[in-house]
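# What the coordinates show
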Amino acid sequence: MDAKNTKQATLTVDDKSFEFPVYGGSVGPDVIDISKLYAQTGMFTYDPGFTSTASCESKITYIDGDAGVLLYRGYPIEQLAQGDFLETCYLLLYGELPTPAQKKDFDHRVTNHTMVHEQMARFFQGFRRDAHPMAVMVASVGALAAFYHDSTDINDPKQRMIASMRMIAKVPTLAAMAYKYAVGQPFVYPKNSLDYTSNFLRMCFAVPCEEYVVNPVLSKALDRIFILHADHEQNASTSTVRSAGSSGANPFACIAAGIACLWGPAHGGANEAALQMLAEIGTVDRIPDFIKAVKDKSSKIRLMGFGHRVYKNYDPRAKLMQQTCHEVLKETGHQDDPLLKVALELEKIALNDEYFVSRKLYPNVDFYSGITLKAIGFPTSMFTVLFAVARTVGWISQWNEMIQEPNYKISRPRQLYLGDTSRNYVPLDKRT
Ligand code: CMC
């Protein structure tokens, strides 16, 4: 462990006291190391949803949820948003910003891996055309392990890096293929003279019968959206990737597991759900009824794109997303999008409503991302896929960090068992 033991914590149970080391991070709350708790006390901790549990040490991303701060490798997200996505990828993966020469080499290496094995195209034919692109992503990213055997040895640092580059480069290609397959258009091969995000837009929206010209404003906006989603410390999908990786599974399988977790509406699926919600509300005059329904717990309706496990303040990504949203709507002539009006009014009302204020529920990154992505031209079913494209670098960086940890252990939580105690089996013919 790299962290410093700063003090001891004492746990007293039934008049017996037990000491546990407390470690301080470079910033943020201290942690009590309870890894010896069971050995010392015969008890487990109970923390469903891991609200108070640090599962690992990490040097990649830091969030101060109360202050609304997000740092990648120490750099504030607002500053990184001035650069490009591949620069952020390099930073997350290697820990430092690249020099111009390193950046050029990195861009070249990623570009070199953008194509996928031609057999993958046939693999796609097995899906129904109406398959959700996230289902296609889970399957096709997992299937990469069947094509790239030469980068699945997790103990070889060189293979790990090749797998990382392949993933950053090929996930957008697969995402674009998933989109093309759904809309019944031919796949578009990557064009390596374009930058990462322009190439992605072209793979999604170009057709063989016309010239496709990338709109630089939209490309820049999507690139920024990728930066905002690149990593977010130990969120559900990243913890899933680490958990899958802790068994020694190959990186392609681990990223596929992360994509599966991201799909849920409480996580990456929220951008899709948020846009659906805005469309269902439809007009500003219907907002009060909607807010009333959200506050009525029996309705189980949530204000999608609001609230966060860690941010108890405005999500810094949401601010940048709102700005990006305005830029994109201006460029595409959608400034008067009725959904934007609903979103702005909904945000205003919620931020002044006691229910949301007292629970510290603020807009998160997904509140404005749906409107923005829709204006760029993506259907809602692709929103979470775009999140997966961006988050791939975070997952793979966290996976690499874990594998390099000398004493990493298989993730294996314990439980509070409330089921039957031991009882005898009754043969079927004796059961009434
Ligand atoms: N709308 C209405 N009430 C909410 C919401 C919401 N969006 N989020 C939380 N609450 C209430 C919740 O009902 C609870 O109230 P009470 O104390 O009366 O029981 C309280 O706030 C605390 O909520 P929680 O569910 O215990 O909080 P959590 O940390 O477990 O959940 C969350 C975090 C993101 C799952 C949740 O806020 C949520 O469901 N938000 C909507 C979905 C969403 O936008 N997700 C995207 C997250 S950002 C992208 C990403 O990182 O994946």
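The structure contained in this document is the topic of the report that follows. All values reported here derive from a predicted model rather than from experimental measurement.

With that settled, the discussion passes to the packing of helix α7 (residues 157-183) against helix α8 (residues 196-205). Axis separation between α7 and α8 bottoms out at 8 Å; the angle between their running directions is 20°. It follows from the interaxial angle that α7 and α8 lie roughly parallel. Like other packed secondary-structure pairs, α7 and α8 cross with a definite hand, here right-handed. Every residue of α8 that contacts α7 at Ile-168, Pro-172, Thr-173, Ala-175, Ala-176, Tyr-179 and Lys-180 is listed here: Tyr-196, Phe-200, Met-203, Cys-204 and Phe-205. In terms of residue class, the contact of α7 with α8 is built from 10 nonpolar, 1 polar and 1 charged.

Our next topic: the nonpolar core. With 113 residues, the main nonpolar core has Ile-168, Phe-200, Leu-303, Leu-346 and Phe-378 as its most contacted residues. Lining this core are residues from two domains, each supplying at least three of them: domain 2 (77-267 + 383-404) and domain 3 (270-376). Excluding anything up to four places from it in sequence, Phe-200 contacts Pro-172, Ala-175, Ala-176, Leu-222, Phe-226, Phe-378 and Leu-386.

Here we take up the packing of aromatic side chains. Taken as a whole, this structure holds 20 aromatic pairs when the rule is applied. Judged by centre distance (5.4 Å) and plane angle (55°), the rings of Phe-85 and Phe-226 are tilted. Placement of the pair is Phe-85 in helix α3 (residues 85-94) and Phe-226 in helix α9 (residues 216-229), with a sequence separation of 141 residues. Here the two residues Phe-85 and Phe-226 agree in accessibility, since each one is buried. Measuring from centroid to centroid gives 6.5 Å for Tyr-196 and Phe-226, while their planes differ by 80°, and the two rings are edge-to-face. Taken together, the residues span a long stretch of sequence, with Tyr-196 in helix α8 and Phe-226 in helix α9 at a distance of 30 residues. With relative accessibility at 11%, the residue Tyr-196 sits in the buried group. Through pairs of rings, three or more aromatic residues link up here, namely Phe-85, Tyr-179, Tyr-196, Phe-200, Phe-205, Phe-226 and Phe-378. The ring of Tyr-181 carries Arg-129 above its face, with NZ or CZ at 4.1 Å from the centroid.

It is worth spelling out the pairing of strand β4 (residues 61-64) at this point. Alternating positions in β4 separate cleanly, Thr-61 and Ile-63 being buried on one face and Tyr-62 and Asp-64 remaining unburied on the opposite face. As paired strands, β4 and strand β5 (residues 69-72) are joined by 4 bridges and run antiparallel to one another. When the bridges of β5 are listed, Ile-63 appears paired with Leu-70.

Here the focus is the pairing of β5. Between β4 and β5, which pair antiparallel one after the other, the connecting turn spans 4 residues, and Gly-68 there sits at a positive phi close to 70°. With 2 bridges joining them, β5 and strand β6 (residues 75-76) adopt antiparallel strand pairing. Across the sheet, residue Leu-71 finds its bridge partner in β6, namely Pro-76. Here β5 folds back onto β6, and the loop between the two strands holds 2 residues, one of which, Arg-73, carries a positive phi near 50°.

Criteria and thresholds
- Residues numbered from 1 in each chain as written.
- Predicted model: local features only at pLDDT ≥ 70, side-chain atom pairs only at ≥ 80, totals over all residues.
- Heavy atoms only, no water.
- Axes fitted to C-alpha atoms, helices over the stretch in contact; angles between N-to-C directions.
- Helix = DSSP H or I, 4+ residues; strand = E, 2+ residues; numbered from the N terminus.
- Parallel < 35°, antiparallel > 145°, perpendicular 65-115°, else oblique.
- Left-handed = near helix turned anticlockwise from the far one by under 90°.
- Contact = heavy atoms within 4.5 Å.
- Nonpolar A, V, L, I, M, F, W, Y, C, P; charged D, E, K, R; others polar.
- Core = buried A, V, L, I, M, F, W, Y, C linked by side-chain atoms within 4.5 Å.
- Buried < 20%, exposed > 50% of the residue type's maximum accessible area, 1.4 Å probe, protein only.
- Domains from an automatic or database assignment.
- Phe/Tyr/Trp six-rings, centres within 6.5 Å; stacked < 30°, edge-to-face > 60°.
- Lys NZ or Arg CZ within 6 Å of the ring centre and 35° of its normal.
- Pairing = 2+ DSSP bridges.

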